[in-house]
Amino acid sequence: MQIYLPIAEMPVDVFLILGMGVAVGFISGMFGVGGGFLLTPLLIFVGIPPAVAVATQGPQIAASSTTGALSYWRRKSIDFKLGGVLLVGGFIGTILGVLFFNQMRRIGQLETVITLSYVVLLGSVGTLVSWESLAAVIKAGKVPPRRRTAGRHNWYEGLPFKLRFHRSGLYISVIPIVFIAILIGFAGAVLGIGGGFILVPALIYIFRVPAQVVVGTSLFQILFTMLGATVLHAATNHSVDLFLALLLMVGGVFGAQFGARAGAQIRGDYFRVLLGLLILSVAIRFAGDVFTQPKEPFSTTLTETVR
Amino acid sequence: MSARLIATALLVLALIGTAGGARAETLIVSLSRDNILIQSNFTGERLSLFGVIQREGDEKGASAAYDAVVTVRGPRGAVTVRRKEQYGPMWLNLDERKYIAIPAFLAVQSNRSLTSIASASVREDLRIGINAQVPQQIVARGANDPRFREALQRLRIAQGLFRENPEAVRFIAPNVFQAFVDLPGTAPLGDYDVDVMVFANGAMIARGNTKFRVAKTAAEQTLATIAAEHGVWFGMGTSILALLVGWLASVIFRRD
């Protein structure tokens, strides 16, 4: 069954788009990542114009993270204070990212920058997470994965502006948290992603936030980032497609439910191995684009249309 | 549409019956529709075109066989063609050419192959065929490299936006023909012009044209207009919808 998208100006198969929403929603609910790093390339692959794809994955991710965040909220596993601090940093990062994005577009190397950033960012995060968690799985719990111990602190936790985060059981400086959030906001604006796949490992490894709180807090942060991104995209480049978003949302919220249940049944170590491998596989796909000889070296871009 | 078709058929019949006058051919063309409205279930549209060659002052039996070429062109726009080249271990878009006034849709339809209808020089003069319709000019810097122009045509043909069909025109009487124009679901919005040429013995003897428009229906257009002119509100509306869908799902799936 086909439906015509009014903004993308093309017909798409309803069930294909719903299916993509379900698949990405499943992963989103399972790992607490937004799934933008999967959805954007998928949409472009089925022929949606890149501008529409980047802009429209915002509402879809917002919808599935609303569902996710609500269920974590009921279980009281969202650290709102930590989430708030992350949002402040994310906001600053987003503005910087948009400025950088426009500058790169002016130079004409945006596509290369985006592809290489995907490779570097996803590749390094994916490798780190897989490596660390595989090692933990092999050791089979003999050494519990880096539990916080009293009196042992990393240098960055002792910087000024210390805050107490009750829900996460942390008493650390906000400087490294805001710094990470700025980086994520920056990457999000440039690459059209929520940044959950960076935030989740960062909270686990750098700040040692308990795993249950991490996913809820990450979803909370992603939700507000994506709502902001939707409004910004709609206001500046008018490429949010309502029909496409609605299809993806409906698929996504269903997928997220099943994903969240599946995620609850997986052991923490395996959970991180899977997340790491998932991120790594996307990085490899992007690397393939850049490092292998393309079958069709030519591509076309419509620069202006007279109507 | 059917009313229009019947009217066209009557016109055709009336014209078949007429004869006599000076020795010149005139061409009358009529399109089944001149306005194509895109609704949410739009997946493409087939247009049919009738052409009548009106002969004057010719003896009845002396008619040469006619050929017809129907060229449909969509709205024009500038296109950048990029080429990936090896740079160290990477393949990057390093080379590009710009072309202006490239039609967003181009269909060249005829009753037999273009090469058998007219000679190469005639086709070149009249710009018949995809290759002849794609302008040569390059706006930006860079030497003329035919591979970019070839790639542009190859990619557009693969996307179904450029096509040549030597079987899409059918003569239903010696001086009456019908052509089908299949617009794909991805057909760009805008004004399309239809250029019809009739040949006899390899020379063009008559030419006619018509046009049609592809536009969104009121509902689709309203949505697009709101998105374009009230972006902030559109974004906020979409955000609220996202929250609503997410909340609804959590209510539906709640297991307490």
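Refer to the structure above for everything that follows.
Note that this is a predicted model, so its numbers are computed, not measured.

Caption draft 1: Quick peek at the overall build of chain A. A count of helices and strands for chain A gives 10 helices and five strands. Taking contacts inside chain A between residues at least 6 apart in sequence as the whole, the part at least 24 apart equals 76%. With the model as given, the accessible surface of chain A reaches about 13,700 Å², and the carbon-plus-sulfur share is 70%.

Caption draft 2: Representation of the pattern of salt bridges. Residues and elements named next belong to chain B. For the structure on display, the rule yields 12 salt bridges over all chains. As a salt-bridge pair, glutamate 85 and arginine 83 come within 3.1 Å of each other at their nearest N and O atoms. The partly exposed category is assigned to glutamate 85, whose relative accessible area is 24%. Exposure remark for arginine 83: the relative accessible area of 19% places this residue in the buried category. Of the charged contacts, one joins aspartate 145 and arginine 147 as a salt bridge, the two residues approaching to 2.8 Å between their closest N and O atoms. What makes aspartate 145 buried here is its relative accessible area of 12%.

Caption draft 3: Structural view of the sheet that holds strand E9 (residues 169-173) of chain B. Residues and elements named next belong to chain B. Here four strands make up an open sheet; going across it, the order is E1-E3-E10-E9 and the pairing antiparallel. Every interior strand has two partners, whereas the edge strands, strand E1 (24-31) and E9, have only one. Taken pair by pair, the neighbouring strands of this sheet meet at an average axis angle of 25 degrees, ignoring direction. When strand E3 (residues 44-56) meets strand E10 (residues 176-184), the two strands line up antiparallel, connected through nine bridges. Looking at the pairing, glycine 44 lines up with proline 184 of E10.

Caption draft 4: Structural view of the packing of helix H3 (residues 50-74) of chain A against helix H9 (residues 242-264) of chain A. Residue and element names in this part refer to chain A. For the pair H3 and H9, the least separation of the axes is 8 Å and the interaxial angle reads 35 degrees. The way H3 lies across H9 gives a crossing that is right-handed. Contact residues: Val52, Thr56, Pro59, Gln60, Ala63, Ser64 and Thr67 in H3; Leu244, Ala245, Leu248, Met249, Gly252, Val253, Ala256 and Gln257 in H9. Classifying every residue of the contact of H3 with H9 by side-chain character gives nine nonpolar, six polar and no charged.

Caption draft 5: Main features of the pairing of strand E1 (residues 2-5) of chain A. Residues and elements named next belong to chain A. Looking at chain direction, E1 and strand E2 (residues 10-13) are connected through four bridges and run antiparallel. In the sheet register, glutamine 2 faces E2, and the bridge partner there is aspartate 13. The turn joining E1 and E2, which pair antiparallel and follow one another in sequence, is formed by four residues; a positive phi near 60 degrees is taken by glutamate 9.

Caption draft 6: The arrangement of the interface of chain B and chain A in detail. The interface is formed by 57 residues belonging to chain B together with 53 residues belonging to chain A. At the junction of chain B and chain A, the tally comes to two salt bridges. Where Glu296(A) meets Arg154(B), a salt bridge forms, and the shortest distance between an N and an O atom there is 2.8 Å. Seen at the junction of chain B and chain A, the total is nine residue pairs in polar contact (both at pLDDT 80 or more). Elements supplying a minimum of two residues to the side of chain B that touches chain A: strand E5 (76-87), strand E6 (90-103), helix H5 (146-158), helix H6 (218-229) and helix H7 (231-252) of chain B. The element best represented in the side of chain B that touches chain A is H7(B), accounting for 15 residues. Tallied by class, residues from the side of chain B that touches chain A come to 29 nonpolar, 16 polar and 12 charged.

Caption draft 7: How the structure looks around the sheet that holds strand E2 (residues 35-38) of chain B. Residue and element names in this part refer to chain B. With mixed pairing, the six strands of this open sheet are ordered in space as E2-E12-E11-E4-E7-E8. The open sheet has two edge strands, E2 and strand E8 (162-165), and neither has a second partner. Taking each pair of neighbouring strands and ignoring which way they run, the sheet shows an average axis angle of 15 degrees. Relative to strand E12 (residues 203-216), E2 is paired through four bridges, and the arrangement is parallel. From the neighbouring strand, asparagine 35 faces E12, where its bridge partner is arginine 213.

Thresholds applied
Residues numbered from 1 in each chain as written. Chains lettered and ligands numbered in written order. Predicted model: local features only at pLDDT ≥ 70, side-chain atom pairs only at ≥ 80, totals over all residues. Heavy atoms only, no water. Helix = DSSP H or I, 4+ residues; strand = E, 2+ residues; numbered from the N terminus. Contact = heavy atoms within 4.5 Å. Areas by Shrake-Rupley, 256 points an atom, 1.4 Å probe, with all protein chains shown as cover. Salt bridge = Lys/Arg side-chain N within 4 Å of Asp/Glu carboxyl O. Buried < 20%, exposed > 50% of the residue type's maximum accessible area, 1.4 Å probe, protein only. Pairing = 2+ DSSP bridges. Axes fitted to C-alpha atoms, helices over the stretch in contact; angles between N-to-C directions. Left-handed = near helix turned anticlockwise from the far one by under 90°. Nonpolar A, V, L, I, M, F, W, Y, C, P; charged D, E, K, R; others polar. Polar contact = N/O pair within 3.5 Å; in protein donor to acceptor, adjacent residues only side chain to side chain.

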